[in-house]
Amino acid sequence: VHIPFCEQLCTFCICHRQITSDKSIALKYMKESLFLEIDLMKSIAKETGKSFNFKEVYFGGGSPTFLNEEEFKLLKEKLNEIVDFKNLNQFSVEIDPRRVKFDRLLFYHTQGVDKLSFGVQDFNPKVQEYINRIQPSKLIDDLLTKEVRSKFKSINFDLLVGLPGQTVETISSTINEVIRLRPDRVALAYLAYNPDYHPHQRHMMTKTLLPDFYERKELFVTAVDKLSSSDYVRTGFEHFALPHDDVSKSLSKGKAYYNSFGATTGECNSVLAIGRSSYSTIGEDLYYQNFYKQNEYQSYLENGQIPLERGWILDKDSIIRREIIKNFRTYFELDKTSINEKYNISFDDYFKKELNSLYEFYKDGLIYDEKNKIITSETGKHFASLIGSNFDSFISGERINSRIEV
């Protein structure tokens, strides 16, 4: 459920968001848009004779903390028309720690929320200044009291690598503080810098430069090594979790799954997203995204139509390639025998061109073969996404079919 409102612009942000101090806009958005989309989903289920079986609910943003308590309850009450909240495995809310107090977190617990995801990014004061997000670690430390921790089964921290002002020393200090605060999960993502689409990102560079490619990699390796040498289990290319966490347990059973929420337990592979700009993945082969612009989004809903701006239907080839890429990102290896049996192909013949393109990775000791598996070395794990990209036919621009006509 996408709540696209924030009170302040963070200069690193690439999310679809609307910066406003007008709190009344949230209720208007809910009643005139979100509620219509929920009604639409309900009517589609009725018309097709299908029923929903939601296992996880996730409020993202923007900033879901933009909603006050009454608005939160109102939204949950409406969602209750298609969601059986008693049947959920997880109810998660993104938290802007600058906008909540201790009692708000306890309120979320009373509403059935059992996972909180904090936008941390970095704990260094100078880096926070550059990205226009001042939030001392004490702020989060004060929120995560013993009582709060006892109410939620999982706490996540989102961190970014490649921010202006980050050095090996500052990232080490940030990770040390993360380890001390001990969230159950850590998402360690690279900054996506694309000022052509997000011009505000250029403001990050008014006082200092962004780390270059080699510096970014050094920062990432430093953070990964520190987390890995503590209690954290690496649950994917940029994700970590404590051993007791559900994702760590799923990983050990081979059930963990990588999707738009990062490393997940794999209980749900389909995502039905509602809200402006949100995107869904339904079944094995369908991706679609809602309109970004409010007037288009709302207009479609008022006419009883899914507010679909663009989409993609995957063919068998794309499904195979997606699984290969996800395996490298999550498990750092690929079992060719498993792919052969599941999709009735001969891997070495089907991917002859791609296997030839891996020569440099073999030569540099980043990957090796063992029992018909391609396995990344410890150093190779830092390049898992690049290794996987060799199997992505869209990167070359060769794939132009399968679009959904709107």
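Residues numbered from 1 in each chain as written. Predicted model: local features only at pLDDT ≥ 70, side-chain atom pairs only at ≥ 80, totals over all residues. Heavy atoms only, no water.

Let us look at the overall build of the protein. Each helix and strand in the protein was counted, giving 16 helices and 18 strands. For 406 residues, the compact-globule formula gives about 22 Å, and the C-alpha radius of gyration of the protein, at 22 Å, lands near that figure. Reported as C-alpha extents along the three principal axes, the dimensions of the protein are approximately 60 × 55 × 40 Å. Considering the protein as a whole, with its 406 residues, one finds that 51% of them fall into the buried category. Pairs at least 24 residues apart make up 67% of the contacts formed inside the protein by residues separated by at least 6 positions. With the model as given, the accessible surface of the protein reaches about 19700 Å², and the carbon-plus-sulfur share is 50%. Separation of charge centres in the protein, based on 54 positive and 58 negative side chains, amounts to 3 Å. (Helix = DSSP H or I, 4+ residues; strand = E, 2+ residues; numbered from the N terminus. Rg over C-alpha atoms; globule rule 2.2 N^0.38 Å. Buried < 20%, exposed > 50% of the residue type's maximum accessible area, 1.4 Å probe, protein only. Contact = heavy atoms within 4.5 Å. Areas by Shrake-Rupley, 256 points an atom, 1.4 Å probe, with all protein chains shown as cover. Lys, Arg positive; Asp, Glu negative; His and termini not counted. Charge placed at Lys NZ, Arg CZ, Asp CG, Glu CD.)

Quick look at a nonpolar patch on the surface now. On the surface, Tyr-193, Met-205 and Leu-209 cluster together into a nonpolar patch covering about 280 Å² of accessible area. Following the sequence through the fold, Tyr-193 ends up in the loop between β8 (185-190) and α8 (213-228). (Patch = residues over 30% accessible without salt bridge, like charges linked within 9 Å, V, L, I, M, F, W, Y side chains within 5 Å. Salt bridge = Lys/Arg side-chain N within 4 Å of Asp/Glu carboxyl O.)

Summarising the element assignment, Arg-329 is placed in helix α11 (residues 316-331). Within the local environment of Arg-329, its side chain forms a polar contact with the side chain of Tyr-258, the two groups lying 3.0 Å apart. Excluding its chain neighbours within four sequence positions, the residues that come into contact with Arg-329 are Gly-236, Phe-237, Glu-238, Tyr-258 and Ser-385. (Polar contact = N/O pair within 3.5 Å; in protein donor to acceptor, adjacent residues only side chain to side chain.)

Take the pairing of strand β9 (residues 233-236) next. As paired strands, β9 and strand β10 (residues 239-241) are joined by 3 bridges and run antiparallel to one another. Looking at the pairing, Arg-234 lines up with Phe-240 of β10. Counting the residues between successive antiparallel strands, the hairpin from β9 to β10 contains 2 residues. (Pairing = 2+ DSSP bridges.)

Structurally, His-16 is set in the loop between β2 (5-6) and β3 (18-19). Residue class for His-16 comes out partly exposed when judged on its relative accessible area of 21%. Aside from chain neighbours lying at most four places away, what touches His-16 is His-2, Pro-4, Gly-62, Arg-276, Ser-277 and Tyr-292. Only 3.2 Å separates the side chain of His-16 from the backbone oxygen of Tyr-292, close enough to count as a polar contact.

Spatially, β13-β14-β15 is the arrangement adopted by the 3 strands of the open sheet, whose pairing is antiparallel. Taken across any chain shown, the strands that pair with only one partner, and hence form the sheet edges, are β13 (279-282) and β15 (308-313). Across this sheet, the average inter-strand angle for adjacent strands is 15°, counted without regard to direction. Sheet topology note: the strand β14 (residues 286-290)/β15 ladder contains 5 bridges and is antiparallel. Bridging from a neighbouring strand, Tyr-287 pairs with Trp-312 of β15. (Axes fitted to C-alpha atoms, helices over the stretch in contact; angles between N-to-C directions.)

Glancing now at the side chain of Thr-11. Position of Thr-11 among the secondary structure elements: in the loop between β2 and β3. Overall, the relative accessible area of 7% leaves Thr-11 in the buried class. Polar side-chain contacts of Thr-11 include one of 3.2 Å to the backbone oxygen of Tyr-130.

Attention now moves to the sheet that holds strand β17 (residues 367-370). Strand order in this open sheet of 3 strands is β16-β18-β17, and the pairing throughout is antiparallel. Each end of this open sheet is capped by a strand with a single partner; those strands are β16 (333-335) and β17. Within this sheet the neighbouring strands show an average axis-to-axis angle of 20°, counted without direction. Packing of α11 onto the sheet brings it into contact with β16 and β18 (373-376), and relative to β16 it is tilted by some 135°. Helix α12 (residues 336-343) rests against β16 and β18 of the sheet, and its axis sits at about 45° to β16.

Across the protein, the average pLDDT comes to 94, with 97% of residues at or above 70. Every residue in residues 400-406 is under pLDDT 50, and counting partners more than four places away or in other chains gives 17 contacts. (pLDDT = per-residue confidence, 0-100.)

This next bit is on helix α3 (residues 102-110). Among all positions in α3, only Arg-104, Leu-105, Leu-106, Phe-107 and Tyr-108 are buried. Of the surrounding secondary structure, the elements contacted by the buried residues of α3 are α2 (69-79), β5 (90-95), β6 (115-121), α5 (137-143) and α6 (146-151). Two residues or fewer past α3, Gly-112 is found with a positive phi of approximately 95°.

We now examine a negative patch on the surface. Together, Glu-169, Asp-212, Glu-215 and Glu-218 give the surface a local cluster of negative charge. Locating Asp-212 in the fold gives a position in the loop between β8 and α8.

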